[in-house]
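These are the residues of each chain, in order.
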Amino acid sequence: MSEPSAAVPFLTVQQHIVEEQKRFPGSSGEFSSLLSGITMATKMIQDKVRRAGLSDILGEHGDINVQGERQQKLDVYSNEVLIHFLGLRDSVGILASEENENPMIVHQGSKDANYAIVFDPLDGSSNIDVNVSVGTTFSILRRPSGVELDDSDAWVLQPGNKQVAAGYVVYGSSTILVYSVGNGVHGFTLDPSLGAYILSHPNMRMPDQGPYYSVNEAYRDTFPPRYGEYIDRLRSGVLGHKYASRYIGSMVADFHRTLLKGGVFLYPPTESNPQGKLRLLYEANPIAFLAEQAGGMAIDGERRVLDIQPTSIHQRTPLVVGSRVELADFERFVCQAETKA
Ligand code: P6P
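Remember, predicted model here, so these are calculated numbers, not experimental data.

K.L.:
Would you explain the nonpolar core in this entry?
P.N.:
Side chains of nonpolar character tend, in soluble globular proteins, to be buried together. The biggest cluster of nonpolar side chains holds 40 residues, and the ones touching the most others in it are Leu-95, Ile-117, Phe-138, Ile-140 and Tyr-179. Here this core takes seven residues from helix α2 (residues 30-50), the largest share from any one element.

K.L.:
Any chance you could explain the pairing of strand β7 (residues 163-171) here in plain terms?
P.N.:
For a regular strand, side chains alternate in direction, first toward one face of the sheet and then toward the other. Burial of β7 is extensive: nine of the nine residues sit out of reach of the surface. Bridge count for strand β6 (residues 134-142) against β7 is eight bridges, and the pairing is antiparallel. Paired with Thr-136 across the strands is Val-169, a residue of β7. Connecting β7 to the antiparallel partner strand β8 (residues 175-180) that follows it, the hairpin turn spans three residues.

K.L.:
Just checking my understanding: could you explain the domain arrangement of the protein chain for this structure?
P.N.:
When the parts of a complex come together, some accessible area is lost, and that lost area is often used as the size of the interface. Domain boundaries in the protein chain define domain 1 (13-201) and domain 2 (212-340). In this structure, domain 1 and domain 2 have C-alpha centres spaced 23 Å apart. Every contact between the two is made by 45 residues of domain 1 and, on the other side, 31 residues of domain 2. Across the domain 1/domain 2 interface, buried area totals approximately 2700 Å², and carbon plus sulfur atoms make up 62% of it. If you look at where domain 1 meets domain 2, you find zero salt bridges. For the pair domain 1 and domain 2, the interface holds 14 residue pairs in polar contact (both at pLDDT 80 or more). Taken together, the elements giving at least two residues each to the side of domain 1 that touches domain 2 come down to β3 (92-97), β5 (115-123), β6, β7 and β8. Ranked by residue count, the leading element in the side of domain 1 that touches domain 2 is β7, at eight residues. Counted by class, the side of domain 1 that touches domain 2 contains 22 nonpolar, 19 polar and four charged residues.

About the criteria used
- Residues numbered from 1 in each chain as written.
- Predicted model: local features only at pLDDT ≥ 70, side-chain atom pairs only at ≥ 80, totals over all residues.
- Heavy atoms only, no water.
- Core = buried A, V, L, I, M, F, W, Y, C linked by side-chain atoms within 4.5 Å.
- Buried < 20%, exposed > 50% of the residue type's maximum accessible area, 1.4 Å probe, protein only.
- Helix = DSSP H or I, 4+ residues; strand = E, 2+ residues; numbered from the N terminus.
- Pairing = 2+ DSSP bridges.
- Domains from an automatic or database assignment.
- Contact = heavy atoms within 4.5 Å.
- Buried area = accessible area lost by both parts, 1.4 Å probe.
- Salt bridge = Lys/Arg side-chain N within 4 Å of Asp/Glu carboxyl O.
- Polar contact = N/O pair within 3.5 Å; in protein donor to acceptor, adjacent residues only side chain to side chain.
- Nonpolar A, V, L, I, M, F, W, Y, C, P; charged D, E, K, R; others polar.

Written out as structure tokens, the structure reads:
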């Protein structure tokens, strides 16, 4: 069982969000209700992830999802659990998932339905069978004024700077929930003996500079040339030290390390994914929100990710996210060079 320490008060995530939502006059407990949907669902997901090798849940579900990817059984389970628990909240009007082609309307006609939740139920799921960390990402948007439930696109196709909350759960050597409601970034470690997420990383700050760059270098030949030259700069020591490379191939895990240790994570445009591989609404936006709240930065190679106006629910974007020193150098070396070109 986690023991309280003088440095960190012994708080559950529910107790923490009650304090946080006092910043939102009239929020009437909506956030704690929404977040309890996330915590309940992810506790069930992590239980399956931890036992994936023991139950008949490994391997492919056989179906192909909207991304054209073979659905892993855990993908399907995770999606169904999140839809169930988030759909129970009267304050939720729209759910949108990486696994579903279209947004889902819940609580038709409820006057309290003021939030849309966009999520990737199990990011990195291709790593499940080889026991590599995977994650759940979520983004919470407020209903645009004057928009009805049946205009579900209007609810979700909002720029990331409209997010009222965002976060992820990383199912790694421990299960950690990281979230922000715009008042800093806070991390909670699941205590299996209590079945509760306990505050373990209050007020997380991304180091101004880090030791690592994180990119799939197998595609380097198809990056825009300046990206490869930028990576060479990091390796050369021009920023004060020679960077090491870390790449897990699971965005949530790669970002979680970047948040804790600093550095830069990149998924550039490639030949097979000229718009980048990562999804704007439920991968890049929540990550960018957290990065900025923790003192870091997130761009799409040209502009702030959070300022991108989405045009479709599953649209992709390039992503460069991380510490201020590395991102400022990227902007000078890559963005400004391309502007001059
Ligand atoms: P690649 C996992 O499939 C994912 O969507 C992200 O979690 C991860 O960052 C990326 O794809 C890895 O892609 O092309 O390097 O295998």
